Amino acid sequence: MPHLAVYVGLLHRSEQTLAEALRTVGEGHAAEGDVHHTCDTLAKMSEEHVRRLEPVARRYGEQAAGEDVEEPERLHADGLAGVREGPVGLLRDLQDLYVLGTLVQTTWTAVAQAAQGARDRELLELAHACEGETGRQLSWLNTRLKAAAPQALLVAT
């Protein structure tokens with residue numbers, strides 16, 4: 001299973017990056033109480049995914065994209081260096097989180113398919129659980145993005 005290690009590594013880094021980005025946005029937009037508290041909760045979810053990946057990484061290895069693998073070096077997750085200000089800034093930050101969350105979710109989907117092919121029941125259950133939780137993260141981000149868009153895009157500040 002030479003390439004599963006690449007995706008385990010991608011999941012590990014992407015989940016860590018998502019947790020850090022959620023914390024950055026939550027703290028940067030602390031004036032928005034729901035954003036601050038929910039981002040903290042969602043970050044804890046991703047941190048738990050990282051913790052739960054540890055036995056998988058021990059079993060299959062964890063390879064950084066680009067190490068003896070041609071195509072997946074393009075696979076990576078960039079975090080947020082900081083947050084943008086104002087309503088439009090919040091909207092853009094939520095979009096960035098959504099894009100990162102989508103990378104995480106689709107990576108869990110690919111790993112779940114590999115687990116099914118390998119008949120690795122433990123990994124399959126983990127992938128389905130984490131994929132579902134990532135879906136909840138994305139659902140909140142999408143809902144909050146919808147709530148922020150009218151104010152950000154229609155009201156002059």
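For the structure itself, look to the data block above.
Only a predicted model underlies this, so the values are computations on that prediction, with no experimental measurement involved. Numbering of residues starts from 1 in every chain and runs along the sequence as written. Selection of residues for local features in this predicted model requires a pLDDT of at least 70, selection of side-chain atom pairs for listing and counting requires 80 or more, and totals for whole chains, interfaces and linings are taken over all residues. Side-chain metrics rest on all non-hydrogen atoms present in the structure, leaving aside hydrogens and water.

**Points about a nonpolar patch on the surface**
Part 1 of the argument: Each patch is built from residues that are more than 30% exposed by relative accessible area and take part in no salt bridge. Like charges join if they lie within 9 Å; nonpolar side chains (Val, Leu, Ile, Met, Phe, Trp, Tyr) join within 5 Å. Methods summary: accessible areas were calculated by the Shrake-Rupley approach with a probe of 1.4 Å, and residue burial reflects only the protein chains presented. When a carboxyl oxygen of Asp or Glu is within 4 Å of a side-chain nitrogen of Lys or Arg, the pair counts as a salt bridge. A cluster of nonpolar side chains, Val-88, Leu-153, Leu-154 and Val-155, forms an exposed patch at the surface whose accessible area comes to about 410 Å².
Part 2 of the argument: Labels follow the DSSP assignment, with helices taken as runs of H or I lasting at least four residues and strands as runs of E lasting at least two, numbered in each case from the N terminus. Mapped onto the elements, Leu-153 comes out in helix α4 (residues 121-154).
Part 3 of the argument: Buried means the residue's accessible area, taken with a 1.4 Å probe over protein chains only, is under 20% of the maximum for its type, while exposed means over 50%, and partly exposed covers the values in between. When its relative accessible area of 59% is taken as the criterion, Leu-153 is described as exposed.

**Some remarks on the side chain of Gln-137**
Part 1 of the argument: Its place among the elements puts Gln-137 in helix α4.
Part 2 of the argument: The exposure class of Gln-137 is buried, given its relative accessible area of 2%.
Part 3 of the argument: Note on contacts: a residue pair is in contact if any heavy atoms of the two residues lie within 4.5 Å. The contacts of Gln-137, once residues within four sequence positions are left out, are Leu-18, Leu-22, Leu-42, Met-45 and Ser-46.

**Quick look at the packing of helix α1 (residues 4-28) against helix α2 (residues 33-60)**
If you want to describe how two helices pack, look at the angle between their axes and the distance between the axes.
Part 1 of the argument: With their axes 8 Å apart at the nearest point, α1 and α2 run at an angle of 160° to one another. If you check the angle between α1 and α2, you find them roughly antiparallel. In terms of crossing hand, the pair formed by α1 and α2 is left-handed.
Part 2 of the argument: Taken together, the residues that form the contact of α1 with α2 break down as 17 nonpolar, six polar and six charged. Every axis in this analysis is a line fitted to C-alpha atoms, fitted for helices over the stretch in contact. Angles between the N-to-C directions lie between 0 and 180 degrees. To sort the angles, those under 35 degrees are grouped as roughly parallel, those over 145 as roughly antiparallel, those from 65 to 115 as roughly perpendicular, and the leftovers as oblique. By definition, turning the near helix anticlockwise from the far helix through less than a right angle yields a left-handed crossing, and turning it clockwise yields a right-handed one. Gly counts as polar in this scheme, as do all residues outside two lists: the nonpolar Ala, Val, Leu, Ile, Met, Phe, Trp, Tyr, Cys and Pro, and the charged Asp, Glu, Lys and Arg.

**Description of the pattern of salt bridges**
Part 1 of the argument: Taken as a whole and judged by the stated rule, the model has 11 salt bridges.
Part 2 of the argument: Put simply, Asp-34 and Arg-144 hold a salt bridge, and the shortest N to O gap is 2.6 Å. Of this pair, Asp-34 sits in helix α2 while Arg-144 sits in helix α4; the two residues are 110 residues apart in sequence, bridging distant segments of the chain.
Part 3 of the argument: Judged by relative accessible area, Arg-144 falls into the buried class, the value being 11%.

**Concerning the environment of Ala-115**
Part 1 of the argument: Relative to the assigned elements, Ala-115 resides in helix α3 (residues 86-118).
Part 2 of the argument: On the basis of relative accessibility, which here comes to 2%, the residue Ala-115 falls in the buried class.
Part 3 of the argument: Measuring from C-alpha to C-alpha, the distance between Ala-115 and Ala-127 comes to 8.2 Å, with 12 residues separating the pair along the chain.
Part 4 of the argument: Setting aside residues up to four positions removed in sequence, Ala-115 forms contacts with Asp-120, Leu-123 and Leu-124.

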